[in-house]
Amino acid sequence: MFLPLPVSLLGFVIRLLPDRLFTKMQKHTPAPYNCLLTKESIRLLAAECLAVSKECKGLEVLQIRAQDGTFVSIRM
């Protein structure tokens, strides 16, 4: 399922996710990393990513030029 949402609602949506979802993700993640999959850590990570993306508007993340002249550029 794909549901686009405004970036400003990301923290709110993460808070609404059920705890059993994070428990299930922890069970399928290897031992040293499964403790990082908590609702609080995901919210913190999302907030930091949003802050960095606001600072880097227009940053070119990917640029590909093919021999036939095809050009792909992804910017933030």
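Values in this document were obtained by computation on a predicted structure and should not be read as measured data.

What counts and what doesn't
Residue positions are given per chain, counted from 1 along the sequence in the order it is written. Residue-level local features of this predicted model are given only where pLDDT is at least 70; pairs of side-chain atoms are given and counted only at 80 or more, and the full residue set underlies all totals for whole chains, interfaces and linings. Excluding hydrogens and water, the side-chain values take into account all heavy atoms of the structure. Labels follow the DSSP assignment, with helices taken as runs of H or I lasting at least four residues and strands as runs of E lasting at least two, numbered in each case from the N terminus. Between the two quantities, the radius of gyration covers C-alpha atoms and the globule rule is 2.2 Å times the number of residues to the power 0.38. Here's how the labels work: a residue is buried when its accessible area is under 20% of the maximum for its type, exposed when over 50%, partly exposed in between, all with a 1.4 Å probe on protein chains only. Residues are treated as being in contact if the distance between any of their heavy atoms lies within 4.5 Å. With residues, only the protein chains shown are counted as cover, and all accessible areas are computed by Shrake-Rupley using a 1.4 Å probe. We call two strands paired when DSSP finds no fewer than two bridges between them. Polar contacts here mean pairs of N or O atoms no more than 3.5 Å apart (in protein, one a potential hydrogen donor and the other a potential acceptor; neighbouring residues in sequence count only if both atoms are side-chain atoms). Looking at any residue, its pLDDT shows the predictor's confidence there, from 0 to 100. Disulfides are defined in this document as cysteine sulfur pairs within 2.5 Å. Each patch is assembled from residues with relative accessible area greater than 30% and no salt bridge, linking like charges that lie within 9 Å and nonpolar side chains (Val, Leu, Ile, Met, Phe, Trp, Tyr) that lie within 5 Å. By convention in these notes, a salt bridge is any Lys or Arg side-chain nitrogen within 4 Å of a carboxyl oxygen on Asp or Glu.

1. Here we look at the overall build of the protein chain
Next, step 1: Looking only at helices and strands, the protein chain has four helices and two strands in total.
Next, step 2: If you list the helices and strands of the protein chain from N to C, you get α-α-α-α-β-β.
Next, step 3: For 76 residues, the compact-globule estimate of 2.2 N^0.38 gives 11 Å, and the C-alpha radius of gyration of the protein chain, at 17 Å, exceeds that figure by more than 25%.
Next, step 4: If one aligns the C-alpha atoms of the protein chain with their principal axes, the spans along those axes are about 50 × 30 × 25 Å.
Next, step 5: The proportion of buried residues among the 76 residues of the protein chain is 7%.
Next, step 6: Restricting to contacts in the protein chain with at least 6 residues of sequence separation, those with at least 24 account for 21%.
Next, step 7: Entry remark: accessible area of the protein chain is about 6600 Å², with carbon and sulfur atoms responsible for 64%.

2. Examining the pairing of strand β1 (residues 60–65)
Remember that side chains alternate between the two faces of the sheet whenever the strand is regular.
Next, step 1: Note: β1 against strand β2 (residues 71–75), five bridges, orientation antiparallel. If you follow Glu-60 over to β2, its bridge partner there is Arg-75.
Next, step 2: Where β1 folds back onto β2 in an antiparallel hairpin, the turn is made up of five residues, including Gly-69, whose phi is positive at roughly 95°.

3. Focus on the side chain of Lys-39
Next, step 1: Among the structural elements, Lys-39 can be located in helix α4 (residues 39–55).
Next, step 2: For Lys-39, a relative accessible area of 15% corresponds to the buried category.
Next, step 3: Polar side-chain contacts of Lys-39 include one of 3.3 Å to the side chain of Asp-19.
Next, step 4: Beyond its immediate sequence surroundings of up to four residues, Lys-39 is in contact with Ile-14, Arg-15, Leu-17, Asp-19 and Phe-22.

4. Section: the confidence of the model for the protein chain
Next, step 1: In this model, the protein chain carries an average pLDDT of 86, and 95% of its residues clear a pLDDT of 70 or more.
Next, step 2: At the low end of the mean pLDDT range in the protein chain sits β2, at 82; at the high end sits helix α2 (residues 19–27), at 92.

5. What to know about the state of the cysteines
Next, step 1: Evaluated as defined, the whole model comprises zero disulfides.
Next, step 2: Of all cysteine sulfurs, the one in Cys-56 lies closest to Cys-49, which takes part in no disulfide; the gap is 11 Å.
Next, step 3: Of the residues examined, Cys-56 reaches a relative accessible area of 24% and is grouped as partly exposed.

6. Some remarks on a nonpolar patch on the surface
Next, step 1: Taken together, the side chains of Leu-59, Val-61, Leu-62, Ile-64, Val-72 and Ile-74 define a hydrophobic patch exposed on the protein surface, amounting to about 490 Å² of accessible area.
Next, step 2: For the nonpolar patch, the element with the most residues is β1, which contributes three residues.

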